[in-house]
Each structure stands twice: as structure tokens, then as C-alpha cells.
Amino acid sequence: MCASVKYGSRGPALIPRMKTKHRIYYITLFSVVLLGLIATGMFQFWPHSIESSAEWSLDRRSVHDAPLVRIPMSSPIPERGDLSCRMHTCFDVYRCGYNPKNKIKVYIYPLQRFVDEVGVPISSTGLSREYNDLLSAISDSDFYTDDVTRACLFIPSTDVLNQNSLRIRETAQALAMLPRWDKGMNHLLFNMLPGGPPDYNTALDVPRDRALLAGGGFSTWTYRQGYDVSIPVYSPLSAEVDLPETQPGPRRYFILSSQTAIHREYRVELERLKEENGEALLLLDKCSNLSQGLASVRKRCYKGQVYDYPQILQESSFCVVLRGARLGQATLSDVLQAGCVPVIMADSYILPFSEVLDWKRASVVIPEEKLPEMYTILKSIPHRQVEEMQRQARWFWEAYFSSMKAIGMTTLQIINDRIYPYAARTYEEWNNPSVVKWSSVNSPLFLPLIPPRSPGFTAVVLTYDRIESLFRVITEISKVPSLAKLLVVWNNQNKSPPEAIDGLSLDQTHMVERSECINKFASVFGTMPLKVVEHRADPVLYKDDFPEKLKSFPNIGSL
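For clarity, every value in this text was computed on a predicted model and none was experimentally measured.

Rules used throughout
Residues numbered from 1 in each chain as written. Predicted model: local features only at pLDDT ≥ 70, side-chain atom pairs only at ≥ 80, totals over all residues. Heavy atoms only, no water. UniProt positions renumbered as here; feature names shortened; annotations may be inferred. Helix = DSSP H or I, 4+ residues; strand = E, 2+ residues; numbered from the N terminus. Contact = heavy atoms within 4.5 Å. Pairing = 2+ DSSP bridges. Axes fitted to C-alpha atoms, helices over the stretch in contact; angles between N-to-C directions. Right-handed = clockwise from strand over helix to strand, strands pointing away. Salt bridge = Lys/Arg side-chain N within 4 Å of Asp/Glu carboxyl O. Buried < 20%, exposed > 50% of the residue type's maximum accessible area, 1.4 Å probe, protein only. Phe/Tyr/Trp six-rings, centres within 6.5 Å; stacked < 30°, edge-to-face > 60°. Lys NZ or Arg CZ within 6 Å of the ring centre and 35° of its normal. Core = buried A, V, L, I, M, F, W, Y, C linked by side-chain atoms within 4.5 Å.

With numbering matched to this structure, UniProt assigns "coiled-coil region" (unreviewed entry) to residues 256-283. Taken end to end, residues 256-283 is 50% helix and 18% strand, and its two terminal C-alpha atoms sit 6 Å from one another.

The structure is reproduced here in C-alpha cells:
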């Protein structure tokens, strides 16, 4: 018996036709699976930044979205700050390790909103625009890592740039609550406006244990040389006002003073100089006839005449930068931007980035007591040298002062150079605008910390008692790339070789003994007769057989 076959218009119906509702179900299921496969492929091969979503940036994370952290009243408070800290005592370089790029890794703590037990914030301003710019620049740099285990340096997201906005005790407690605080070891704080009325301390008053401080107003009493970093006080006008670079040379005014809140004694002395030298000196002050606001900040006045600030700075060869309530002044940044040579009168002030920058090439530093002699001192500087200083001042601003990014990157590079000295920037790279930086060439002045691939050679230096010649020979020999070892044979049996550490001042007990001596000295006189002065005499050629008239300091050594 034959089975009947049913025919239709599309041929033999061998398989029953699928019902409409089942067909829609399978089509939908197939579409979902196909879309899933496509999405998986795009996720695997499309360039994305899934890891960077954890990076610190206010562009992706709002302050209001940051978690709230309450600080118990009983939370521990860090020590005030160890003035004896140095890189070899308070910084763990082993966290940094060796890496082929010779670059430290910096971790930024996640943003948090710290409040006390009753909900009052530790800061009246929260996160400032300047600190946000600073942290964002670091997070976009080669220094940054979001892996806390790889970090060499830790930066809190708590803004301490301006001490005026901080609650000192609660801010210190918030720092101590950071998970990697460890008494501030390998932590870096940025502060530009330290201290407060009436005494205005020259370093941040927030207790910070062993943390490094990048500070904007250090004095010689609070600055820990080789540990802290002296940074400039950022001027908001750097971002708001565009001052085109002007050609170096003589300008309309010889000396200009533009600060509005200087001490009355300084103002009186400047007015006296103005009377003596006439139009060569322009003495500006705050405009009393303008309403308060942004417009008045950008104006200066002299006898009713209004000048645009900071544009007027470009019309003077020298610009006065006097200390105010704080040693660090934003005026210094404005002056440099204008290509005006700053005349800095702030005794004991540690100039920004002075660890690497040669300020003699871009400024004139005069003791405060020499203010009456300022005009005579500046007139003695040759015109060509003034032009070079104007050019150098502008370049300092462009390279190191012009933005929070420039300030932050310079600070980290200085710390990086301390940790990897064999790959550090040279004096010329820091101070010469025209120096070409070849990224593939390491400085030959330092030997690498890893063994060379080739055996190299051992240099043997025989010496008896000529220390200066010995050091000069060692410096030159160390420039040879194939040097593997240097051995010094000291032949003088009646005299010990030079110590491995630069003299008495590095002795741990020396500072204590010196302080006791000075205190006793002051008690005998009934007052402190010593004055803070800075003096340098370079004995150029004074020992050499040259005519006396060619020697810069012919009388040195005569005693």
C-alpha cells in the first residue's frame, strides 16, 4: 500500500510547517545568541579602558558620589612631623625597586568625604579646582599606577593646599586613617598656603608623621633639605591671562612694585626710592576707587591712574617680590610669566625647586635690610646679563610654574631623581632651555645599579694627599661607559683618607651642639646679636699665576 503524498504550490510537504508562534520564538532566541556572540567579540578585540575606570579623575567621579567617612573623636593623631627626616631614614626606597624606565610609581587614594562624628566636613572648601587639576595630571602621567601593591609613593586625595580651609586636628586624623599610612612613610602632601594668623608658620601645621611635604613657603628653619620639595605658590592668573612672550631688553620702567599687602616699613622705603629715582621706579598699590571683585584683582593703581595687572609687569626690567604674611608669594609666578627679573627680598625663603633650579640665572636675591640699596645694586648688573635673566625667568615659568600639572610633574621628577640618581636629569637639562633631551641615552656621570653585560675594566688610582685632584680624576673616570669598578689606593700612612660622608655639618650631634653654643652666646649678650645674611665669594683665579687686574677677587687669601 502506497502512502499518499500531499503536494502544494511549493513542492511536496514532507515536514509539517512550523506554527507561527514557535517560529517567532526560535527566531528571537537565535537573534539573542547572535547578538551575544557579536558583543563578546567586540569586548575582546575593541580597544577599551576597562581597567582605567578605577583611575582617579573628577571627570568620571563626582565629589558628591564619594563615600562618606566619619572620623571618631578618639581616632589617633599623627606626630607633628620629624624634622630629622631624610630619604635614607624616613623613606623606604625598596618599595620603588628597579624598573627599566627608572620611574617611580605613584598611587592616588580614592576620593572620600571625611566628616567628624556630628557630620561636619574637615575642610570648608572640599576639593579645590587646583588640587583636582594636580591629581588629574598625575593620574594621566607615566608615574601613575592604580595597583597599590606596585606603588612607591602615595598621595592622599584630601586637599591640604590651603591651610586656611582645614580643621587641623580632624585633617590629621583623616590622614592617619589611610590604609597605607604607616606613620606617613612614602606619602606626599602638597601645600601652598601654610600657617595661619598670627604667626603664619612656614610649613603645614597639620601633624603628618614622616610624610614628605611639597610646600609653598618653606624657610631654612622648616625645610628638610633633600627630603621636602619647595614648590611655588600657584597663581590663578596663569590660566586666566595670556601674556605673550616679549623680547628681552630695556623696558619703560627699571623697577616695578605691584604687591598690595606689603608691610608698611617696606612701603615707606619703596616710596623713598621712588622720590630719589623718579620715573625709573613704578610703585603700584590696590585701587581704592574700584568695587571689589574679579576686575579689581586684575588692576593696580598709582595716584589715580589705573594699570592692567599682570600686563603692566611686562613693561619693567626688574619686579620686586617682597615677603608678605607668608614667605611664598603668587606674585613670583606672575613676574616670571611677564619675563620680568624678580628681585626677591624674603630672608630665609627657600626658593621653589631650588634643589635643581639655578636661581642666580633668573633672579636677584637681596637681603631685606639692603632694600635701601636696591636701585644701586640692580644698576650694577650689565645689560646683557639682564637680558639673559629675563629670558631665563620666562622659561622657568613655562617649564615649571605655568600650571598645576607643571608643578606636580616637576615635584615628582625631583623625587624620582633622588631615588634613581644614575638616571637623574643633569644641571643643563634642568636649567638650559636649548638642551636636547635624548630619551635613549643615560647620563654617563653615574654608574648603573646592575652589572654591565660586558666585563668592563677596573680603574686603579694611586694617591697620596691631593684630595681635590683625586676627586677630579674619579669624576672623569666615572664617565667611561665600560668602567666596572674603581679602586683608590691611599698611600699616606700618616693621614687617614677622606671620610665617606661632605663634613661636620652631617654629624647627627653637630646641630644640637651648635644650638647649645648659640643659645649660650645669646644669653651672655642678653639678646641675639647674630643676623641672617647670605654671602658668597668665588675665589676665581686667586691662586693662579695671572695679573692681578684679571682676578675677580685679588684680596682673597691675603690674610
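The rest of the description comes next.
Another point: the environment of Leu322. Along the chain, the position of Leu322 falls in strand S14 (residues 316-322). Beyond its immediate sequence surroundings of up to four residues, Leu322 is in contact with Gln259, Ile262, Tyr266, Leu270, Gln329 and Met345.

Turning our eyes to something else, we now look at the sheet that holds strand S10 (residues 253-257). Across the sheet, which stays open at both edges, the 5 strands sit in the order S11-S10-S14-S15-S16 with parallel pairing between neighbours. At either margin of the open sheet sits one strand with a lone partner, and together these are strand S11 (281-283) and strand S16 (364-365). One ladder, built from 2 bridges, connects strand S15 (residues 341-345) with S16; its direction is parallel. Bridge assignment links Val343 to a residue of S16, and that residue is Val364. Contacting S10, S11 and S14, helix H6 (residues 264-277) crosses the sheet at an angle of about 145° to S11. Here helix H10 (residues 383-401) sits on the sheet in contact with S14, S15 and S16, set at roughly 90° to S15.

On to the pairing of strand S18 (residues 483-490). Here 7 bridges tie strand S17 (residues 457-463) to S18, and the two strands are oriented parallel to one another. Its bridge partner being in S18, Ala459 is matched across the sheet by Leu486. Note that the unit made of S17, helix H13 (residues 467-477) and S18 has a crossover that is right-handed.

Our next topic: the pattern of salt bridges. Taken as a whole and judged by the stated rule, the model has 18 salt bridges. In this structure, the salt-bridge partner of Glu355 is Arg418, at a minimum N-O distance of 2.6 Å. Here Glu355, found in the loop between S15 and S16, pairs with Arg418, found in helix H11 (residues 404-419); they are 63 residues apart in sequence, far enough to count as distant. With a relative accessible area of 18%, Arg418 lands in the buried category.

Counted under the stated rule, the structure contains 16 aromatic pairs. Ring centres of Trp395 and Phe396 lie 6.0 Å apart, and the angle between their planes is 45°; on these two criteria the pair is classed as tilted. Taken individually, Trp395 and Phe396 each receive the classification buried, so the pair is uniform in this respect. Clustering of aromatic rings is evident, with ring pairs tying together Phe353, Trp359, Trp395, Phe396, Tyr400, Phe401 and Trp430. The ring of Phe143 has Lys103 lying over it, and the distance from NZ or CZ to the ring centre is 4.4 Å. Lying over the aromatic face of Tyr309, Arg300 brings its terminal NZ or CZ to 4.0 Å of the ring centre.

Moving on, we get to the nonpolar core. Where a protein is soluble and globular, its nonpolar side chains tend to be buried together. One finds Phe91, Ile104, Leu188, Phe190, Phe353 and Ile419 to be the most contacted residues of the largest nonpolar core, which totals 74 residues. Per-element tally for this core: the top contributor is H11, with 7 residues. Other than its neighbours up to four places away in sequence, Leu188 contacts Leu153, Phe154, Ile155, Pro156, Leu212, Leu213, Ala214, Thr411, Leu412 and Ile415. Core analysis: the second largest hydrophobic core is formed by 24 residues, Tyr266, Ile366, Leu378 and Ile381 among them.

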